[in-house]
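# Commentary on secondary and tertiary structure
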Amino acid sequence: MPTTLEPLAWTLLAVIGLLVGSFLNVVIHRLPRHESIVFPGSHCPLCGHELRPWDNIPVLSWLSLRGRCRYCQGAISGRYPLVEIVAALLAILAAWVIGWHGQLLPALILLWALLALTLIDLETYLLPDRITKSGMVLGLLINASAFLTQDFALTRPLDALLGLVLGYGLLRGLAEIYLRLSGREGMGHGDFKLLGMIGAWLGWQDMFLALFLAALSGGLVAIVFLASGKGRDYAIPFGPYLALGAATMLLWPQVVIEQFLHLAAP
Ligand SMILES: [Zn+2]
């Protein structure tokens, strides 16, 4: 793009990121409660008062009202502006790493979906089907676009299909074995669907590496938890680690693959 347009493009992307973050707040709040994400319009999570457009400007409304509802004066969690800022930063990071390329579009959608899933899982230990299952279909469709144009696909269509099947099947199988051996549920069904979704977007190769990164980072955190004397039955959701692994494979696949090869054959 012409360099004179670059600052405009970055600003626009940041604003879109903030607006998407505002929408993600609605998704994170309503999906686990099985509420519609469209109706009714935005309302205060405390008093239910309908919000006017000027109450709903990302970050700025929260700052100008000092984190309180205009109508009931109740404290509005700082998570709302934070999610908006993170959504915008993710967009800028993706554009910086990927460049102004057609693949930026699916990358943004995936990163924002992973952000919503992470926060929902941390709060409710659920990964809603409405995101993971729709994500599987959308990932397959985006990669199937490779039959028409190479501009948007993140991987080859067959690798995406294999990623979906292997990702879902592998975790399901592992969970089955764990259940037989320990008599406990190790992972939720949402985790299988999320890994299947990751496979549908990134292909089976990167899906495996994302799972490896998730197990590595999740294992490290679990060791810290155990060492610090927190109960061993303390449930840590696996979804955020899968999301982290997937985001890493989306943005820096070469770095991970090089490190992985280095580990395998030093
Ligand atoms: Zn209120």
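Every value quoted in this text rests on a predicted model; they were computed, and no experiment measured them.

Cut-offs and rules
Residues numbered from 1 in each chain as written. Predicted model: local features only at pLDDT ≥ 70, side-chain atom pairs only at ≥ 80, totals over all residues. Heavy atoms only, no water. Helix = DSSP H or I, 4+ residues; strand = E, 2+ residues; numbered from the N terminus. Rg over C-alpha atoms; globule rule 2.2 N^0.38 Å. Buried < 20%, exposed > 50% of the residue type's maximum accessible area, 1.4 Å probe, protein only. Contact = heavy atoms within 4.5 Å. Areas by Shrake-Rupley, 256 points an atom, 1.4 Å probe, with all protein chains shown as cover. Lys, Arg positive; Asp, Glu negative; His and termini not counted. Charge placed at Lys NZ, Arg CZ, Asp CG, Glu CD. Domains from an automatic or database assignment. Buried area = accessible area lost by both parts, 1.4 Å probe. Salt bridge = Lys/Arg side-chain N within 4 Å of Asp/Glu carboxyl O. Polar contact = N/O pair within 3.5 Å; in protein donor to acceptor, adjacent residues only side chain to side chain. Nonpolar A, V, L, I, M, F, W, Y, C, P; charged D, E, K, R; others polar. Axes fitted to C-alpha atoms, helices over the stretch in contact; angles between N-to-C directions. Left-handed = near helix turned anticlockwise from the far one by under 90°. Core = buried A, V, L, I, M, F, W, Y, C linked by side-chain atoms within 4.5 Å.

## Things to note about the overall build of the protein
A count of helices and strands for the protein gives 9 helices and 0 strands. Seen in sequence order, the protein has helices and strands lined up from the N terminus as α-α-α-α-α-α-α-α-α. Computed over its C-alpha atoms, the radius of gyration of the protein comes to 20 Å, within 12% of the 18 Å expected for a compact globule of 266 residues. Dimensions along the principal axes, computed over C-alpha positions, put the protein at roughly 60 × 55 × 35 Å. Across the 266 residues in the protein, those meeting the buried criterion constitute 41%. Here the contacts in the protein between residues at least 6 apart in sequence split such that 68% fall between residues at least 24 apart. Working note: accessible area of the protein is about 14,800 Å², and carbon and sulfur atoms make up 69% of it. Counting 16 positive and 16 negative side-chain charges, the protein places the averaged centre of each group 8 Å from the other.

## Some thoughts on the domain arrangement of the protein
If you check the domain split of the protein, you get domain 1 (1–100) and domain 2 (102–266). Centre-to-centre separation of domain 1 and domain 2, based on C-alpha positions: 25 Å. Opposite the 24 residues of domain 1 that make contact, domain 2 presents 17 residues. When domain 1 packs against domain 2, the two sides together hide about 1,900 Å² of surface, and 81% of this comes from carbon and sulfur. Interface area lost by domain 1 to domain 2 is led by I28, L31 and I98, which between them contribute 27%. Between domain 1 and domain 2 we count 1 salt bridge in total. In this structure, E123 and R79 form a salt bridge, with 2.7 Å as the shortest nitrogen-oxygen distance. Joining domain 1 to domain 2, the criterion identifies 2 residue pairs in polar contact (both at pLDDT 80 or more). Counting residues per element, the side of domain 1 that touches domain 2 draws most heavily on helix α3 (residues 79–98), which supplies 11 residues. The residue makeup of the side of domain 1 that touches domain 2, split by class, is 20 nonpolar, 2 polar and 2 charged.

## Digging into the packing of helix α1 (residues 6–30) against helix α4 (residues 104–124)
Look at α1 against α4: their axes get within 10 Å of each other, and the N-to-C directions meet at 35°. Crossing hand, α1 versus α4: right-handed. Residues L13, I16, G17, V20, L24, V27 and I28 of α1 lie in contact with α4, whose contacting residues are L108, W112, L115, A116, L119, I120 and E123.

## Describing the nonpolar core
Counting 57 residues, the largest nonpolar core has L24, I131, L194, M197, I198, L202 and L242 as the members making the most contacts within it. The set of elements that each furnish at least two residues to this core consists of α1, α3, α4, α5 (129–144), α6 (157–182), α7 (189–227) and α8 (239–251). Counting only domains with at least three residues in this core, you end up with domain 1 (1–100) and domain 2 (102–266). When near neighbours in sequence (up to four residues on either side) are disregarded, L242 contacts L171, D191, L194, L195, I198, L211 and A214.

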